[in-house]
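# Breakdown of the fold
The lines below spell out each chain.
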Amino acid sequence: MAWVLLVVAGLLEVGWSVGMKYTDGFTRLVPSVFTGAGIVASMLLLSYASRTLPIGTAYGVWVGIGAAGAAVLGMVVLGEPATAARIFFVALLLVAVVGLKATSGH
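Conventions we followed
- Residues numbered from 1 in each chain as written.
- Predicted model: local features only at pLDDT ≥ 70, side-chain atom pairs only at ≥ 80, totals over all residues.
- Heavy atoms only, no water.
- Helix = DSSP H or I, 4+ residues; strand = E, 2+ residues; numbered from the N terminus.
- UniProt positions renumbered as here; feature names shortened; annotations may be inferred.
- Buried < 20%, exposed > 50% of the residue type's maximum accessible area, 1.4 Å probe, protein only.
- Contact = heavy atoms within 4.5 Å.
- Phe/Tyr/Trp six-rings, centres within 6.5 Å; stacked < 30°, edge-to-face > 60°.
- Lys NZ or Arg CZ within 6 Å of the ring centre and 35° of its normal.

## A few points about the environment of alanine 84
Position of alanine 84 relative to the elements: it lies in helix α4 (residues 84-102). Through-space distance from the C-alpha of alanine 84 to that of threonine 103 is 28 Å; in sequence the pair is 19 residues apart.

## A short note on the UniProt feature "transmembrane region" (unreviewed entry) in the protein
The sites that carry the UniProt feature "transmembrane region" (unreviewed entry) are, in the present numbering, residues 29-47, 59-78 and 84-103. Here residues 84-103 is 95% helix and 0% strand, with 28 Å between the C-alpha atoms at its ends.

## Side note on the environment of leucine 73
Counting through the fold element by element, leucine 73 comes out in helix α3 (residues 55-76). Residue classification places leucine 73 among the partly exposed residues on the basis of a relative accessible area of 31%. Along the backbone, leucine 73 and valine 18 are 55 residues apart, and their C-alpha atoms lie at a distance of 7.7 Å. Contact partners of leucine 73, with chain neighbours within four places excluded, come to Val14, Val18 and Leu78.

## A few points about the packing of aromatic side chains
In the structure shown here, the tally under the stated rule is two aromatic pairs. For the pair tyrosine 59 and tryptophan 62, a centre-to-centre distance of 5.6 Å together with 40 degrees between the ring planes defines the contact as tilted. Pair noted here: tyrosine 59 and tryptophan 62 are both in helix α3, with a separation of three residues, about one helical turn. By relative accessible area, tryptophan 62 is classed as buried at 4%. On the basis of an interplanar angle of 70 degrees and a centroid distance of 5.1 Å, the ring pair of phenylalanine 88 and phenylalanine 89 is categorised as edge-to-face. Across the ring face of tryptophan 3, the terminal group of lysine 101 is positioned such that the distance to the ring centre comes to 4.8 Å.

What follows is the structure, given as C-alpha cells:
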C-alpha cells in the first residue's frame, strides 16, 4: 500500500508543479487553490508512505516521478523543447526511480 500512496503522491507532485505555471505567481485564485491543495495532498501521502518505506527511497522516488512527469508534460503540453538530450535525461530519472524501488527491500 505504501508504494501506491507514493506513486499517487508523485503524480500529485506533477500536477502541482505544472499547476504553478497557471497561478501567475499565486495571483489567480482557482489555480492557486488547486495547486496548494495538490502540494498538501502530495506531502501528506509522501509522509504516510515514508512510515513504511525508507525515507531516502520514498523521497527519491517522489522527486523522480515529479521531475520526470513535469518535464514530460512541459514538453508535451506546454511546448517546451523536446530535445534528444532532455528525453535521455528524463529516461535516466525513470531508471533511477526503478532502481530505488528494486533495491529498497520492500
